[in-house]
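Take a look at the letters that make up each chain.
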Amino acid sequence: MSFIFVLNHLRDVPLIAILYKTSPWPFKVILSNFKAIDEYQWPKKRKYIDSYFNDVQIESIKNIFGDDLVNCTSLYDFKKITNDTELCISRGREFFVLKQFAKKNIAISSDRCYLSRILDILPIYNDSIKIIFDSEVWINKKICEYIEMTSGSYPNLMYDYDYLETHKDKFEFVDVLGEINNLFLSKIGKDSIKENFNIDKNKKIAFLSLRSADPEITLYKNSDAFFNVTLKMIKEFKKNNYTILSRRRLGTQDIIIRNSSPEISRFQEIKQYIDLELNGYGEFPGDLWRAMCISDVLLLPDISSIADIEAVLCKCPIYMPLNECDKNRVNFVINKLSPRFQDLMRKNLIFSDIENFPNIDYFNRMDNFSKFWYNTNIKKFWEIVYNFLEEK
């Protein structure tokens, strides 16, 4: 019986690593590291699989998965390896780009990731697919409305909640990613992580997410405004004796697409204020999660899902310099964000006053927020998989 995880983006390494390390069955981890256009010839907009990983990143990832990692550099190799696989677990992209190659398939949509495309293929896959959401909140009409429910493949098609109801047997609700803190980081311990990073265990730590948002959701008029506010924020925290850790996305496609963004083009001007840059994936948990675990605050100059995912799951306070941003622009952007990020702001879990640091009440509210949006339970996940495999 052959089971596989398919990985096509660096950001999903922690998720697949948790599954790999907790699985009751042996799995192969397949990198879909090739270019391919969808085999369905979708009429509205074609979709692709892209080559994302470079040689250095592949070697780093291999440190986690060892000989169970398979780097597929062509569609031919991918199909040769995956043909007639018993079970494939993926974020879901392969399922709507390539025609069905596994007998049973699990798409970890989590926060409606790829949902508009996954809804398109439900009639094609019938009973051979399950979609996993982090919690039942993600099919709550009042909270999520119609986000990711306009077909990505067919013109003039909007799915409704009756359609979701028709396919409700295909939906499951459980989070996996939160176990990175529960099962792994907590066992390593903060002091051990600080020692490994050569950071004094008594130092205050601020973790900088050095990334400008995409044009449609950035809080700034231009890249200069983003850079100036970011630099001012870093200097303020340095003045308050924080050790500054930093993380940038440096995947192959990130560098190509965002080459002119300040985090790439003007990094040398910020570098002198950063004590330690952490961009690696060569161990598990990776640098991003370890840094978030030990940080006293996340410095978030612009919109990023690192706030409502990594920061929330590690219970790290979130600082955004919203007072430096145009209020009308902030209000406009908020309405474009995911319902979870909107909820984060509505519940005042993002603060903008360095002198008014979060208190015990803040951490209690953060904990309640996490439990609402993340139904973390790895045991339940594998029970779902087992029951799915038993279905005829």
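All values derive from a computational prediction rather than experimental measurement.

Undergrad: Hey, could you run me through the packing of aromatic side chains in this one?
TA: How two aromatic rings sit relative to each other is given by the distance of their centres and the angle of their planes. Evaluated as defined, the whole model comprises 28 aromatic pairs. The interplanar angle of 40 degrees and the centroid separation of 6.4 Å between the aromatic rings of Phe 95 and Phe 101 together place this pair among those described as tilted. Following the ring pairs from residue to residue traces out a cluster consisting of Phe 3, Phe 5, Trp 25, Phe 27, Phe 381 and Trp 382. Above the face of the Phe 388 ring, Lys 104 is positioned so that its terminal group lies 5.0 Å from the ring centre. Taking the ring centre of Phe 372 as reference, the NZ or CZ of Lys 347 above it sits at 5.0 Å.

Undergrad: Explain the side chain of Ser 135 to me, please; I cannot follow it from the model alone.
TA: The topology assignment puts Ser 135 in the loop between strand E8 (129–133) and helix H6 (141–144). Taking relative accessible area as the criterion, Ser 135 reaches 5% and is therefore assigned buried. Among all residues touching Ser 135, those that are not within four sequence positions of it are Phe 173, Phe 372, Trp 373, Tyr 374 and Asn 375.

Undergrad: How should I be thinking about the sheet that holds strand E14 (residues 318–319) in this particular structure?
TA: Strands in a sheet are paired, the pairing made by backbone hydrogen bonds, and the direction either parallel or antiparallel. As summarised here, the arrangement of the six strands in space is E12-E11-E10-E13-E14-E15, forming an open sheet in which the pairing is parallel. Among the strands making up the open sheet, the edge pair consists of strand E12 (276–277) and strand E15 (350–351). The pairing of strand E10 (residues 204–209) with strand E11 (residues 242–247) spans six bridges and is classified as parallel. Residue pairing across strands places Ser 209 opposite Arg 247, the latter belonging to E11. Helix-sheet contacts for helix H10 (residues 223–239) involve E10, E11, strand E13 (297–299) and E14, and the interaxial angle to E11 is about 145 degrees.

Undergrad: Where do I start with the sheet that holds E8 in this structure?
TA: Ordered in space as E5-E2-E1-E6-E7-E8-E9, the seven strands form an open sheet in which the pairing is parallel. Bordering the open sheet on either side are strand E5 (69–72) and strand E9 (171–173), each of which pairs with just one other strand. Taken over all neighbouring pairs, the strand axes of this sheet differ in orientation by 25 degrees on average, direction set aside. Where strand E6 (residues 85–90) and strand E7 (residues 102–110) come together, five bridges link them in parallel fashion. Among the inter-strand pairings, Leu 87 is bridged to a residue of E7, identified as Lys 104. Each of strand E2 (28–32) and E5 is contacted by helix H2 (residues 55–65), which is oriented at about 150 degrees to E5, the strand it contacts most.

Undergrad: I keep staring at the packing of helix H1 (residues 13–22) against H2 and nothing clicks. Help me out?
TA: Each pair of packed helices can be summarised by the angle the axes make with each other and by the distance between the axes. Direction vectors running N to C along H1 and H2 enclose 25 degrees, while the axes themselves pass 10 Å from each other. Considered as vectors, H1 and H2 are oriented roughly parallel to each other. When you trace H1 past H2, the crossing you get is right-handed. Across the interface between the two elements, Val 13, Ile 16, Ala 17, Tyr 20 and Lys 21 of H1 pack against Ile 61, Ile 64 and Phe 65 of H2.

Undergrad: Help me out: how do you make sense of the environment of Asp 343 in this one?
TA: Tracing the sequence through the fold places Asp 343 in helix H17 (residues 339–346). Between the C-alpha atoms of Asp 343 and Lys 103, which are 240 residues apart in sequence, the distance is 38 Å. The residues touching Asp 343, leaving out its near neighbours within four places in the chain, are Phe 369, Phe 372 and Trp 373.

Undergrad: Looking at this structure, I do not really get the pattern of salt bridges. What am I missing?
TA: Pairing is possible between side chains that carry opposite charge, provided their charged atoms lie close to one another. Per the stated rule, a full pass over the model turns up 19 salt bridges. The residue Lys 28 makes a salt bridge to Asp 68 at a minimum N-O spacing of 3.3 Å. Placement of the pair is Lys 28 in strand E2 and Asp 68 in the loop between H2 and E5, with a sequence separation of 40 residues. Of the residues examined, Asp 68 reaches a relative accessible area of 24% and is grouped as partly exposed. Note that Glu 86 and Lys 103 form a salt bridge whose closest N and O atoms lie 3.6 Å from each other.

Undergrad: Hey, could you run me through the environment of Ala 17 in this one?
TA: Checked against the element boundaries, Ala 17 lands in helix H1. When its relative accessible area of 0% is taken as the criterion, Ala 17 is described as buried. Taking C-alpha positions, Ala 17 is 21 Å from Asp 50, a pair spaced 33 residues apart along the chain. Ala 17 has contacts with Ile 64, Phe 65 and Phe 284, leaving out every residue within four places of it along the chain.

Undergrad: Quick question: what am I supposed to make of H2 here?
TA: Burial in H2 covers these residues: Gln 57, Ile 58, Ser 60, Ile 61, Ile 64 and Phe 65. The buried residues of H2 occupy an angular sector of 160 degrees when the element is viewed end-on, so they sit on one face. Those residues of H2 that are exposed and aimed more than 90 degrees away from the buried face are Asp 55, Val 56, Glu 59 and Asn 63. Of the residues flanking the end of H2, it is Gly 66, one or two places downstream, whose phi is positive at about 60 degrees.

Quick notes on the rules
- Residues numbered from 1 in each chain as written.
- Predicted model: local features only at pLDDT ≥ 70, side-chain atom pairs only at ≥ 80, totals over all residues.
- Heavy atoms only, no water.
- Phe/Tyr/Trp six-rings, centres within 6.5 Å; stacked < 30°, edge-to-face > 60°.
- Lys NZ or Arg CZ within 6 Å of the ring centre and 35° of its normal.
- Helix = DSSP H or I, 4+ residues; strand = E, 2+ residues; numbered from the N terminus.
- Buried < 20%, exposed > 50% of the residue type's maximum accessible area, 1.4 Å probe, protein only.
- Contact = heavy atoms within 4.5 Å.
- Pairing = 2+ DSSP bridges.
- Axes fitted to C-alpha atoms, helices over the stretch in contact; angles between N-to-C directions.
- Parallel < 35°, antiparallel > 145°, perpendicular 65-115°, else oblique.
- Left-handed = near helix turned anticlockwise from the far one by under 90°.
- Salt bridge = Lys/Arg side-chain N within 4 Å of Asp/Glu carboxyl O.
- Arc of directions from axis to C-beta.

Geometric descriptors of this kind do not, in isolation, establish any biological role.
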